[in-house]
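# Chains, contacts and geometry: an overview
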Amino acid sequence: MKKDILSLSFEELQSQITAVGEEKFRAKQIFDWLHVKKITDFSEMSNISEQLRQFLTNYFCIKPLIIRKKLVSEYDYTVKYLYEMEDGETIETVLMRYRHANSLCVSTQAGCKMNCAFCASGANGFIRDLTPSEMLLQLYETERDSGKSASGDVSVGNLVLMGIGEPLDNFDNVIRFLELLSDKNGRNMSLRHVSLSTCGLADKIDALAELRLGLTLSVSLHAADNETRNKIMPVNFTFNIETLMSACRNYYEKTGRRISFEYALIKDLNDDEKAAEKLAALVKPLSAHVNLIPVNNVCKNGIYSPAKSPETSRIKAFHTWLTRNGVNATVRRTLGTDISAACGQLRSDN
């Protein structure tokens with residue numbers, strides 16, 4: 001079986017190339033073709049010999065990622081891609097356009113095990129982990145496709161690992177993806193431009209803290225007490241709020257990076273003043289930021305979730321209650337709702 005060349009680190013590629021008698025600098029040329037020029041076929045590598053190109057063709061592959069469907073929002077130009085992978089499985093990726101920089105929401109798994117009540121990503125269960133190359137290709141193919149349009153700068157400045165799947169449940173592949181993304185010989189993206197979202201796998205948050213990568217950790221909290229969180233996030237039965245917050249404190253102390261807590265406001269469940277006070281007491285010691293998210297309309301297996309967003313006035317009041325208690329908070333701008341590209345709406349079978 002041919003090796004997935006896009007998932008190889010620069011050092012691994014260099015080892016493979018020098019083992020067949022090539023000079024080290026050839027690995028840098030190949031890495032640049034793959035991760036900067038983003039070629040899709042070894043024949044495009046014009047500055048390496050035909051013999052080396054043939055060696056690469058014989059022993060390595062560049063995995064395909066095919067656009068099965070592309071939807072563009074009529075309201076905010078958000079673009080949602082349904083990508084098909086080599087084995088026929090599908091994932092969704094979302095390009096969000098902001099004035100300061102374009103952001104890409106990347107999937108890390110096909111399907112999801114976590115089964116959060118307000119999220120469609122696990123509607124068909126968990127299928128498999130994505131490889132590092134399949135995560136990178138979401139970026140490369142989106143930029144390649146967007147470059148065909150006349151809509152201006154299409155380069156992606158920020159990445160959010162908030163698509164389908166739980167990133168920390170695919171820990172090793174996600175870490176390799178981040179290493180490839182930030183490699184100075186390749187894309188060289190600073191990880192300060194990357195946000196990783198987790199539903200709260202406390203043990204993996206501890207492991208991530210040890211790496212001190214410099215990325216932003218976003219924790220999907222959505223409730224400040226175990227009773228409420230148990231109703232909407234099954235992961236809380238394994239890692240309750242006390243365990244999760246202990247891991248968050250450890251992450252903050254070891255990395256010095258402020259954590260962002262995601263809080264989906266659900267009408268009549270977690271949106272009153274008492275809930276705001278509990279949330280403030282929980283996150284204020286970490287100097288954390290709270291991202292308030294009006295819960296989106298989600299369909300799972302043909303059935304729409306009963307969870308509804310509070311009225312705009314209630315959302316504003318909740319924000320006021322938090323800030324009054326000394327918590328830095330913002331209300332997330334909702335993008336792509338007309339194409340089901342907003343938070344919690346991504347799935348693999350559209």
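### Examining the overall build of the chain
Along its length, the chain carries ten helices and 16 strands. Counting every position in the chain, which comprises 350 residues, the buried fraction comes to 55%. Intrachain contacts of the chain at a sequence separation of at least 6 include 66% that bridge at least 24 residues. For the chain, the accessible area works out to roughly 15500 Å², and carbon and sulfur atoms hold 48% of it. Of note, the chain has its 43 positive side-chain charges centred 4 Å away from the centre of its 43 negative side-chain charges.

### Digging into the sheet that holds strand 4 (residues 79-84)
Within a sheet, adjacent strands bond to each other through the backbone by hydrogen bonds, running parallel or antiparallel. The ten strands are arranged 3-4-5-6-9-10-11-12-13-16 in an open sheet whose pairing can be described as mixed. Each edge of the sheet is formed by a strand with only one pairing partner; in this case those strands are strand 3 (66-72) and strand 16 (328-331). The sheet shows a mean angle of 25 degrees between the axes of neighbouring strands, direction not considered. Bridging between strand 6 (residues 102-105) and strand 9 (residues 156-161) involves four bridges; their strand directions are parallel. Pairing of cysteine 105 across the sheet is with valine 160, part of strand 9. Each of strand 3, strand 4, strand 5 (90-97), strand 6 and strand 9 touches helix 4 (residues 132-146); the most contacted strand, strand 5, lies at about 55 degrees to it.

Criteria and thresholds
Residues numbered from 1 in each chain as written. Predicted model: local features only at pLDDT ≥ 70, side-chain atom pairs only at ≥ 80, totals over all residues. Heavy atoms only, no water. Helix = DSSP H or I, 4+ residues; strand = E, 2+ residues; numbered from the N terminus. Buried < 20%, exposed > 50% of the residue type's maximum accessible area, 1.4 Å probe, protein only. Contact = heavy atoms within 4.5 Å. Areas by Shrake-Rupley, 256 points an atom, 1.4 Å probe, with all protein chains shown as cover. Lys, Arg positive; Asp, Glu negative; His and termini not counted. Charge placed at Lys NZ, Arg CZ, Asp CG, Glu CD. Pairing = 2+ DSSP bridges. Axes fitted to C-alpha atoms, helices over the stretch in contact; angles between N-to-C directions.

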